[in-house]
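Chain by chain, the residues run as shown.
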Amino acid sequence: MATSKLQALWNHPAGPKTIHFWAPTFKWGISIANIADFAKPPEKLSYPQQFAVTATGIIWSRYSLVITPKNWNLFSVNVAMAGTGLYQLSRKIRHDYFNEEETAVIKE
């Protein structure tokens, strides 16, 4: 049973014998780096970088479901990219636009 599933994965059109497997696998590094940046102070985050990560995730998530064969590895990594990018953008926006109001209220 396990052998047949491994063989099916190995011979899949988006399996480990193709670039369609390895490109999204290495792309996980971007999501992992973005998760590591959760510890970074929001003022050090970049709007253009996080917008690019988010847009890439959204666009390629859609594309991965349109192509034949469906590439679930590509879909999952791009959902992760979109999610981490949106979270980082929300941290940056909260820091830049809402944190100032709290500081002004405290000073008064």
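Above this text sits the structure in question.
Residues numbered from 1 in each chain as written. Predicted model: local features only at pLDDT ≥ 70, side-chain atom pairs only at ≥ 80, totals over all residues. Heavy atoms only, no water.

J.: Even after reading the chapter, I still don't get the overall build of the chain, so can you show me in this structure?
T.: Counting its regular elements, the chain contains four helices and zero strands. Reading the chain from its N terminus to its C terminus gives the helix and strand order α-α-α-α. Computed over C-alpha atoms, the radius of gyration of the chain comes to 19 Å, more than 25% over the 13 Å expected from 2.2 N^0.38 for 108 residues, which places it beyond the range of a compact globule. When its C-alpha atoms are laid out on the principal axes, the chain stretches across 70 × 25 × 20 Å. Relative to its full complement of 108 residues, the chain shows a buried share of 27%. Sequence separation of 24 or more characterises 72% of the internal contacts of the chain that already satisfy a separation of 6 or more. Entry remark: accessible area of the chain is about 7400 Å², with carbon and sulfur atoms responsible for 69%. The average position of the 11 basic charges and that of the 7 acidic charges among the side chains of the chain differ by 21 Å. (Helix = DSSP H or I, 4+ residues; strand = E, 2+ residues; numbered from the N terminus. Rg over C-alpha atoms; globule rule 2.2 N^0.38 Å. Buried < 20%, exposed > 50% of the residue type's maximum accessible area, 1.4 Å probe, protein only. Contact = heavy atoms within 4.5 Å. Areas by Shrake-Rupley, 256 points an atom, 1.4 Å probe, with all protein chains shown as cover. Lys, Arg positive; Asp, Glu negative; His and termini not counted. Charge placed at Lys NZ, Arg CZ, Asp CG, Glu CD.)

J.: Got a minute to help me understand a nonpolar patch on the surface in this structure?
T.: A grouping of Ile-19, Trp-22 and Phe-26 is seen on the molecular surface, where their side chains present a nonpolar patch of about 370 Å² in accessible area. Classification of Phe-26 as exposed rests on a relative accessible area of 63%. (Patch = residues over 30% accessible without salt bridge, like charges linked within 9 Å, V, L, I, M, F, W, Y side chains within 5 Å. Salt bridge = Lys/Arg side-chain N within 4 Å of Asp/Glu carboxyl O.)

J.: Explanation requested: the packing of aromatic side chains in the structure shown.
T.: For any two aromatic rings, the description comes down to two numbers: the centre-to-centre distance and the angle of the planes. One pass over the full model with this rule turns up five aromatic pairs. With a centroid separation of 6.1 Å and an interplanar angle of 35°, the aromatic rings of Trp-22 and Phe-26 are classed as tilted. Of the two residues, Trp-22 and Phe-26 are both situated in helix α2 (residues 19–36); the distance of four residues between them amounts to about one turn of the helix. With a centroid separation of 4.9 Å and 85° between ring planes, the pair formed by Trp-60 and Tyr-63 is classed as edge-to-face. Placement of both Trp-60 and Tyr-63 in helix α3 (residues 47–66) is noted, with a separation of three residues, approximately one turn of the helix. (Phe/Tyr/Trp six-rings, centres within 6.5 Å; stacked < 30°, edge-to-face > 60°.)

J.: Explain unusual backbone geometry to me, please; I cannot follow it from the model alone.
T.: Peptide bonds are trans in most cases, and residues, glycine excluded, mostly fall at negative phi. Cis geometry marks the peptide bond from Thr-68 to Pro-69, where omega comes out at -5°. Within the secondary structure, Pro-69 is located in the loop between α3 and α4 (72–107).

J.: Help me out: how do you make sense of the pattern of salt bridges in this one?
T.: For the coordinates displayed, the defined rule picks out two salt bridges. Note that Asp-37 and Lys-40 form a salt bridge whose closest N and O atoms lie 4.0 Å from each other. Where Asp-96 meets Lys-92, a salt bridge forms, and the shortest distance between an N and an O atom there is 3.6 Å. You can see Asp-96 and its partner Lys-92 sitting in helix α4, four residues apart, about one turn around the helix. As far as the burial class goes, Asp-96 and Lys-92 line up, both buried.

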